[in-house]
Amino acid sequence: MSAPAALVPAQHAPTSPDTDRHMTRTPANQPRITLPIVSVAVVVVVVGALIWFFGGTSPDTVDVSTALDTPAGATEPSAAQATSGDVDAQGLWVVDTAVREFSFEDSTGTFVGFRIDEELSGVGATEAVGRVPTVTGELVVEGSTITAATFDADATTLTTDDGRRDRRARAAMGAEAHPTISFVLAAPVELGEEPVPGTTYEVTASGALTVNGVSDDVEVPLQAQLDDSGVLVVTGSFEVLLSDHDVTAPSAPIVVSVSDRATVELQLLLTKG
């Protein structure tokens, strides 16, 4: 008769030296990483990545007086541009990107760009900023009037505060299919007097803004000032709707919302043509 099942000793599979050698053992004094600690670490990493991708500290807004200051390392006007006497404001003025060095962080040099508000899950409100430093164009001054102006910017050179996310921002603006951002003055702008160095003129320019191949009429408040070295600085900012130019902002699971309203900024440095 066999023994009752309850009295039969439990059978254990034998272990070989090889099996024992490969078994993982945790020392009694080794701390275990608990789930809450892992979760907190993941959150910290994710939030840090979001701040990197969607922006940190925004650069300063455009300002005509700030744009006139030459930062360290910038290119000074050439001897032909710098004059000790009166600067003749009449005639053709051409965008000159060599006059001041472009810096995204310091808001120096020539550029056009945008600011747009976002809401991110776990981060809150942020501001995305992009700038295009490759700008060409010209304006004509006749007496006290700006009679013509046209400017083009190359959207394929759009830059943000981190080059690793520039590609997505350019794609959102349709830079590959429509690389040129343009503004064409629609009507003469009256300054009130023949421009003289050191005086800031505040005017509003009407024209057509083309982004992503779509044009829309805009009113652009501008500040303009001519300095003694022969540099004409023009700055301005105005609001546009992304939908007016068929622009769709980049999306991601973390993005709660992106405003359809963006602020366009421009800072142009011109010298006599």
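Residues numbered from 1 in each chain as written. Predicted model: local features only at pLDDT ≥ 70, side-chain atom pairs only at ≥ 80, totals over all residues. Heavy atoms only, no water.

### Some details on the overall build of the protein
Line of reasoning, step 1. When helices and strands are counted, the protein shows four helices and eleven strands.
Line of reasoning, step 2. For the protein, the proportion of its 273 residues judged to be buried stands at 38%.
Line of reasoning, step 3. If you sum the accessible surface of the protein, you get close to 15400 Å²; carbon and sulfur atoms cover 56% of it. (Helix = DSSP H or I, 4+ residues; strand = E, 2+ residues; numbered from the N terminus. Buried < 20%, exposed > 50% of the residue type's maximum accessible area, 1.4 Å probe, protein only. Areas by Shrake-Rupley, 256 points an atom, 1.4 Å probe, with all protein chains shown as cover.)

### Description of the pairing of strand β10 (residues 232-241)
Line of reasoning, step 1. In terms of residue burial, β10 counts as a mostly covered element, since seven of its ten residues are buried.
Line of reasoning, step 2. Relative to β10, strand β9 (residues 214-226) is paired through five bridges, and the arrangement is antiparallel. Note on β10: the bridge partner recorded for Gln223 is Thr235.
Line of reasoning, step 3. Between β9 and the antiparallel strand that follows it, β10, lie five residues; Gly230 among them carries a positive phi value of about 90°. (Pairing = 2+ DSSP bridges.)

### What to know about the pairing of strand β6 (residues 180-185)
Line of reasoning, step 1. Sheet analysis places strand β5 (residues 145-154) next to β6, joined by five bridges and oriented antiparallel. Paired with Asp154 across the bridge in β6 is Thr180.
Line of reasoning, step 2. Pairing geometry for β6 and strand β8 (residues 200-211), over four bridges, is antiparallel. Bridge assignment links Leu185 to a residue of β8, and that residue is Gly207.

### Details of the environment of Arg168
Line of reasoning, step 1. In this fold, Arg168 is placed in helix α4 (residues 166-172).
Line of reasoning, step 2. For the pair formed by Arg168 and Ala249, sequence separation is 81 residues and the distance between their alpha carbons is 9.3 Å.

### Things to note about the pattern of salt bridges
Line of reasoning, step 1. Within this structure, the stated rule accounts for five salt bridges.
Line of reasoning, step 2. For the salt bridge of Arg170 with Asp166, the shortest nitrogen-to-oxygen distance reads 3.9 Å. With Arg170 and Asp166 both in helix α4 and four residues apart, the pair spans about one turn of that helix.
Line of reasoning, step 3. In this structure Arg170 comes out as partly exposed when scored by relative accessible area, which is 26%.
Line of reasoning, step 4. Overall, the relative accessible area of 6% leaves Asp166 in the buried class.
Line of reasoning, step 5. For Arg261, the salt bridge goes to Glu239, with nearest N and O atoms at 3.4 Å. You can see Arg261 sitting in strand β11 (residues 255-272) and its partner Glu239 sitting in strand β10, a full 22 residues away along the chain.
Line of reasoning, step 6. Overlapping salt bridges bring together Arg115, Arg131 and Glu265 as one network. (Salt bridge = Lys/Arg side-chain N within 4 Å of Asp/Glu carboxyl O.)

### So, the side chain of His245
Line of reasoning, step 1. Within the secondary structure, His245 sits in the loop between β10 and β11.
Line of reasoning, step 2. Note on His245: relative accessible area 3%, which makes it buried.

### Concerning unusual backbone geometry
Line of reasoning, step 1. At Ser107, a position not held by glycine, the phi torsion is positive, near 55°.
Line of reasoning, step 2. Within the secondary structure, Ser107 sits in the loop between β1 (91-95) and β2 (111-120).
Line of reasoning, step 3. The backbone of Asn212 sits at a positive phi, close to 60°, despite the residue not being glycine.
Line of reasoning, step 4. Relative to the helices and strands, Asn212 is located in the loop between β8 and β9.

### Observations concerning the packing of aromatic side chains
Line of reasoning, step 1. Considering all chains together, one arrives at one aromatic pair under this definition.
Line of reasoning, step 2. Their ring planes at 65° and their centres at 6.0 Å tell us that Phe102 and Phe111 sit as a pair that is edge-to-face.
Line of reasoning, step 3. Its relative accessible area of 26% is what places Phe102 among the partly exposed residues.
Line of reasoning, step 4. Residue class for Phe111 comes out buried when judged on its relative accessible area of 0%.
Line of reasoning, step 5. The ring of Phe104 has Arg131 sitting right over it, with the charged end atom 5.8 Å from the ring centre. (Phe/Tyr/Trp six-rings, centres within 6.5 Å; stacked < 30°, edge-to-face > 60°. Lys NZ or Arg CZ within 6 Å of the ring centre and 35° of its normal.)

### Concerning the environment of Asp96
Line of reasoning, step 1. For Asp96, the position within the fold is in the loop between β1 and β2.
Line of reasoning, step 2. Looking at Asp96, the relative accessible area reads 17%, which means it is buried.
Line of reasoning, step 3. As for Asp96 and Thr136, which are separated by 40 residues in sequence, their C-alpha atoms are 7.8 Å apart.
Line of reasoning, step 4. A polar contact is formed between the side chain of Asp96 and the backbone nitrogen of Ala98, at a distance of 3.0 Å. (Polar contact = N/O pair within 3.5 Å; in protein donor to acceptor, adjacent residues only side chain to side chain.)

### Here we look at the environment of Ala224
Line of reasoning, step 1. Relative to the elements of secondary structure, Ala224 occurs in strand β9.
Line of reasoning, step 2. Between the alpha carbons of Ala224 and Leu269 there is a distance of 9.9 Å; along the sequence they are 45 residues apart.

So, to be careful, I would describe these as geometric facts and stop short of saying anything about function.
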